[in-house]
Each structure stands twice: as C-alpha cells, then as structure tokens.
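Structural description and commentary
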Amino acid sequence: MTATVSNFHYGAVTPIASYLMACLGAALGLRCTTRSLRRPHRRARWLALGAVSIGCGIWTMHFIAMIGFSVQGALVSYDTTKTLLSLAVAIAFVAVGVFLVGYRGGSPVNLGIAGTVTGLGVAAMHYLGMAAIHTDGGLHYDALTVSLSVVIAVAAATAALWAAVSIHSLWSSLGASLVMGVAVTGMHYTGMAAVSVHLTGGTAASQSSTDLLSFLLAMLASPLAVLLIAAVIVMFDPDMMLGDDTWDGDRDRVTSAPFGGGAGTDLPVTQQQPQGYTSW
C-alpha cells in the first residue's frame, strides 16, 4: 500500500526555517572565503571555517525540513549513525570544493571540478540522511526526479563557489546567500518530491511523535552551535573591528607607493581601502 507522504506537516514553519539556515550557512561561507583571499597567511583556517559553516548550514537546512516530513499511518524514526555520517559527508565534500577554489582560483575548469564534487557531496548528504529513515515500509525514488535534484545540487554548489571567489562586498554576499538558500532548499524539496513510501505493516500511528521531534532537535543542537560560533568569529574578526579590510597584495602595493607623488613618503595603509570591499 502506498502511503500519503507530506513534507509540510507543520505548514510553512519548517520550509521557512530551513531556508533561513541555508542562507546563514551560505553567508558565513562566503564571508570566510573572502577573508581567506584577503589574508593568505590565514587562508587555511578561514577556508576550513567556511567549509564547516556551509556544510552545517546545508545539513541543518535538511533536517529542519525533515521535521515537517510525515508518513500517514506510520511512525518515522532515524538511525543516529547514518544521520551523523551525513553531516560528516556534507562538511568533507564542501571542504574539498572550498579548498580547491581557495587555493587554485576560480577558473572555469577548476570551478567545474569543485562544483561537481561539492554538489555530489550535498546530494550524497541528502540521500544518506534519507537512508537513515526507519518507517513501517520501504522508501522508493523516482529516478528522473532524483537526477534533477543532483543537477540542482551541482549547479547550486558551482554558483556558490563562483560567488565565494568573485563577490567580495558585504551586500553582494548577502544577496548571493539569499539566492543560494533558494537553490539549496529547492534541491532538498526536489529530492523529497521523488520519494514515495510503500507500507508493509498495518500500524496506524500518529504522524508526528514527541520522540522524533526531540531526536531531530538534539541532532540540530551541535550544528546550530557551530554556526553561532562561526557567526561570532566572522562578525568580531579583528580585521573588521579595526576597519582594516585591505588585501595583503594591496597592503604591499600601497605601502610602497609615494604619497602625493613625493618620493620617500609612504601612504598609511589605513588611509587606503580598495573600492567595493566592505568588511563584515
């Protein structure tokens, strides 16, 4: 028997909350990548923080959205190991893409490779998270819709990595993160549209249990804490607090340039900021 499946058990609350988390992860990831390009001597740390932020944002988006997932006539539970493994997969694959563009630049070939790897990782996270579901029946997928969701994931990841190395101003980054939030949540709900559940048992159960909600909230606690810590680090970065937002390359060039054309006088770095770069 094919069960009725809903992804909006709590109405618009879960899709809106999941979208906001996807935007938060994307915004933090973009700002961290921008910082890594401006501060080469701290590049690895900023890229790592960016990868963790994006990975946690995408994973948190997925499982907030899954709070709204219900199967009529059956209870839903999750395997803890697979659930946590999906988080590790998300962070690991995002890290590969972020480090590729962070160290090798945003050439079309490099972006294509990094975007494909990252997008496949996001899709793997989603379907591994779905594989963690236990219910009174089997989950089946429409192959065409699954393929579409993977294409969306790769396209979204490529666009995000392009934005990370190409967009540096604060407001442009925020705008890009809003677009990325649409792409990531779109990938999720496209993947969910591929799901059908065929019940094997005769259990008539409530669609949402307190135990399930408690489990998902407990799983979300750590990634949410990581995102909060990342936001604090980005917002209170010493360079931002001091108003020093120059690239290291610009710093060297400005320091050696004579002030007003007069030989032997250096222009203070703090008086010269590249156009269009706003710190967060």
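This structure is a prediction, so every number in the text was calculated from the model and none was measured. (Residues numbered from 1 in each chain as written. Predicted model: local features only at pLDDT ≥ 70, side-chain atom pairs only at ≥ 80, totals over all residues. Heavy atoms only, no water.)

**Comments concerning the side chain of Ser177**
Convention followed: By definition, any uninterrupted DSSP run of H or I lasting at least four residues is a helix, any uninterrupted run of E lasting at least two residues is a strand, and each is numbered from the N terminus. For this analysis, residues touch if any pair of their heavy atoms sits within 4.5 Å.
Considering the arrangement of structural elements, one finds Ser177 in helix H6 (residues 170-193). Apart from the residues lying within four places of it in its own chain, the contact partners of Ser177 are Cys23, Ala26, Ala27 and Leu30.

**Focus on the packing of helix H2 (residues 43-67) against helix H3 (residues 80-104)**
Rule in force here: Here the axes come from fitting lines to C-alpha atoms, over the contacting stretch only for helices, and the angles between their N-to-C directions go from 0 to 180 degrees. For classification purposes, an angle smaller than 35 degrees is called roughly parallel, one larger than 145 roughly antiparallel, one from 65 to 115 roughly perpendicular, and anything else oblique. Should the near helix be turned anticlockwise from the far one by less than a right angle, the crossing is left-handed, and should it be turned clockwise, the crossing is right-handed. For this scheme, ten residues count as nonpolar: Ala, Val, Leu, Ile, Met, Phe, Trp, Tyr, Cys and Pro. Four count as charged, namely Asp, Glu, Lys and Arg, and the remainder, Gly too, count as polar.
Two numbers describe how H2 lies on H3: the axes approach to 8 Å, and their chain directions differ by 140 degrees. One finds that H2 runs oblique with respect to H3. As for the relative orientation of H2 and H3, their crossing is right-handed in sense. Here Arg43, Ala44, Leu47, Ala48, Ala51, Val52, Ile54, Gly55, Cys56, Trp59 and Phe63 of H2 come into contact with H3, specifically with Thr83, Ser86, Leu87, Ala90, Ile91, Val94, Ala95, Val98, Phe99, Gly102 and Tyr103. Of the residues that constitute the contact of H2 with H3, the class distribution is 17 nonpolar, four polar and one charged.

**As for the pairing of strand S7 (residues 195-199)**
Here is the rule: When a residue's accessible area, from a 1.4 Å probe over protein chains only, is under 20% of the maximum for its type it is buried; when over 50% it is exposed; and in between it is partly exposed. Here the rule is simple: two strands pair whenever DSSP picks up at least two bridges between them.
The two faces of S7 differ: Val195, Val197 and Leu199 on one face are buried, but Ser196 and His198 on the other face are not. Pairing of strand S1 (residues 2-3) with S7 involves two bridges; the strand directions are antiparallel. Each bridged residue has a counterpart across the sheet, and for Thr2 the counterpart in S7 is His198. By the bridge criterion, five bridges tie strand S6 (residues 137-141) to S7 in an arrangement that is antiparallel. Looking at S7, one finds that Gly137 is bridged to Leu199.

**Examining a nonpolar patch on the surface**
Threshold: Like charges within 9 Å and nonpolar side chains (Val, Leu, Ile, Met, Phe, Trp, Tyr) within 5 Å are joined into patches, using only residues over 30% in relative accessible area that form no salt bridge. Note on areas: these come from Shrake-Rupley sampling with a 1.4 Å probe, and a residue is covered only by the protein chains present in the view. Each reported salt bridge corresponds to a side-chain nitrogen of Lys or Arg within 4 Å of a carboxyl oxygen of Asp or Glu.
Taken together, the side chains of Tyr10, Val13, Leu213 and Leu217 define a hydrophobic patch exposed on the protein surface, amounting to about 340 Å² of accessible area. Inspection of the secondary structure puts Val13 in helix H1 (residues 13-38).

**Quick word on helix H7 (residues 210-235)**
Formally: Here a helix's expected span is defined as the number of its residues, less one, multiplied by 1.5 Å. Bend is computed residue by residue as the angle between axes fitted to the seven residues ending at the residue and the seven residues starting at it.
Over its 26 residues, H7 extends 36 Å from the first C-alpha to the last, a length consistent with the 38 Å expected when each residue adds 1.5 Å. Of all bends in H7, the biggest is about 30 degrees, found at Ala221, and the proline Pro223 comes one to four residues later. Taken together, the buried positions of H7 are occupied by Leu212, Phe215, Leu216, Met219, Leu220, Pro223, Leu227, Ala230, Ala231 and Val234. If you follow the buried residues of H7, they end up packed against H1, H2, strand S4 (76-78) and H3.

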